[in-house]
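Topology and contacts: notes
For reference, the chains in residue letters:
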Amino acid sequence: MPTPGTIELDGVTFAYASGGEPVLKDVSVSVPAGSMVALVGPSGSGKTTIARLVSRFYDVDAGTVRVGGLPVTEQTTEQLMGQLSMVFQDVYLFDDTLEANVAVGREDASPDEVRAAADLAGVTEIAERLPEGWQSRVGEGGRALSGGERQRVAIARALLKQSPIVLLDEATSTLDIENEAHIVAAVDKLRKQATILIIAHRLDTIAAADHIIALDDTGRVDAQGTHDELLAAGGTYAGFWNRLHNAQGWQLTRS
């Protein structure tokens, strides 16, 4: 790859249905190697779509998506997937043992490397509660585990694979405190070894990103910059941040 670990979208427009309303409109963003870039914005703004286009689950209607400096359309599946680790909300696990599902991250990994990645992502705790430990089968799609536990397994895979780029949907709204703590610790480790493009929901994650890309509800880039720069500029991002900050204090009470 000409520029390993980089992601670039250049004038990207995309609609899921032919002739339909575009989800993304003329989006241009650049993710430098070794950085952590956060995608933020309202539901339906195209955050997950960007991750799907980088993974080439779909091809763009206009513009170019580059990974490692080459358009994804000029790469083989093996070349593209060799550069990416993906941790999305809809994690899929195979109907195999817990250990085998972590080891999928890298076929030549030693047992010690598998366990080390699993420890950091909090998978060891899952193994300790299952009746057959590491050899417990997780069921088709991972139905024996919760959504947060499946995400832990996916993060362990990413840690083990050590790919130059990690695409991460930090869907903390579905996580309990224990799962969230493990995922936060794993993200801190991942950013030391890879470029991270993260669909960010936590205030701490957004503020800690090297660069923030704020999308609006029309699928366009509304603003880009550091957290401090975007707050100082006011506008959509500042409003988004204030709503998230205020929502953090909400709690359910008995009427």
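Structure: above.
Residues numbered from 1 in each chain as written. Predicted model: local features only at pLDDT ≥ 70, side-chain atom pairs only at ≥ 80, totals over all residues. Heavy atoms only, no water.

Here we come to the overall build of the chain. Each helix and strand in the chain was counted, giving ten helices and ten strands. Its C-alpha atoms give the chain a radius of gyration of 19 Å, within 12% of the compact-globule value 18 Å for 255 residues. Taken across its 255 residues, the chain has 48% of its residues classed as buried. For the chain, long-range pairs separated by at least 24 residues make up 71% of all intrachain contacts whose partners lie at least 6 apart in sequence. For the chain, the computed accessible surface area is about 12400 Å², with 49% contributed by carbon and sulfur atoms. (Helix = DSSP H or I, 4+ residues; strand = E, 2+ residues; numbered from the N terminus. Rg over C-alpha atoms; globule rule 2.2 N^0.38 Å. Buried < 20%, exposed > 50% of the residue type's maximum accessible area, 1.4 Å probe, protein only. Contact = heavy atoms within 4.5 Å. Areas by Shrake-Rupley, 256 points an atom, 1.4 Å probe, with all protein chains shown as cover.)

Reading across from one edge, β6-β7-β8-β3-β9-β10 is the order of the six strands in this open sheet, with mixed pairing throughout. Either end of the sheet is taken by a strand with one partner, and the two such strands are β6 (84-87) and β10 (221-225). In this sheet, neighbouring strand axes are inclined to one another by 15° on average, regardless of whether the strands run parallel or antiparallel. Across four bridges, strand β3 (residues 36-40) lies against strand β9 (residues 211-215) in parallel orientation. Considered in β9, the bridge of V40 is made with A214. Packing of helix α1 (residues 47-54) onto the sheet brings it into contact with β3, β6, β7 (165-169), β8 (195-199) and β9, and relative to β8 it is tilted by some 145°. Of the strands in this sheet, β6 and β7 are in contact with helix α6 (residues 147-161), which crosses β6 at around 165°. (Pairing = 2+ DSSP bridges. Axes fitted to C-alpha atoms, helices over the stretch in contact; angles between N-to-C directions.)

Relative orientation of the contacting elements α6 and helix α7 (residues 177-190) amounts to 15°, with a least axis distance of 10 Å. For the element pair α6 / α7, the angle class is roughly parallel. For the element pair α6 and α7, the recorded crossing hand is left-handed. Contacts between α6 and α7 involve G148, E149, Q151, R152, I155, A158 and L159 on the former and, on the latter, E178, N179, H182, I183, A186, K189 and L190. Tallied by class, residues from the contact of α6 with α7 come to six nonpolar, four polar and four charged. (Parallel < 35°, antiparallel > 145°, perpendicular 65-115°, else oblique. Left-handed = near helix turned anticlockwise from the far one by under 90°. Nonpolar A, V, L, I, M, F, W, Y, C, P; charged D, E, K, R; others polar.)

Next up on the list: the nonpolar core. Counting 47 residues, the largest nonpolar core has L98 and V123 as the members making the most contacts within it. Take this core: its biggest share by element is seven residues, from α6. Leaving out residues up to four positions away in the same chain, L98 has contacts with V123, I126, A127, L130, W134, S136, V138, L145 and V153. With 26 residues, the next largest nonpolar core counts V12, L39, L84 and F88 among its residues. (Core = buried A, V, L, I, M, F, W, Y, C linked by side-chain atoms within 4.5 Å.)

So, on to the packing of helix α4 (residues 111-121) against α6. Where α4 contacts α6, the two axes come as close as 8 Å, and the packing angle between them is 130°. Between α4 and α6, the angle is such that the two are oblique. The handedness of the crossing between α4 and α6 comes out as right-handed. Along its contact with α4, which presents E113, V114, A117, A118, L120 and A121, the element α6 presents R152, I155, A156, L159 and L160. The residue makeup of the contact of α4 with α6, split by class, is nine nonpolar, no polar and two charged.

Our next topic: the side chain of K47. Along the polypeptide, K47 turns up in helix α1. D169 is the oppositely charged side chain nearest to the buried, salt-bridge-free K47, at an N-O distance of 7.8 Å. (Lys, Arg positive; Asp, Glu negative; His and termini not counted. Salt bridge = Lys/Arg side-chain N within 4 Å of Asp/Glu carboxyl O.)

Here five bridges tie strand β1 (residues 7-14) to strand β2 (residues 24-31), and the two strands are oriented antiparallel to one another. The residue of β2 that forms the bridge with V12 is V27. Taken together, the five bridges between β1 and strand β4 (residues 62-67) define a ladder with antiparallel strand orientation. Bridged to T13 within β4 is A62.

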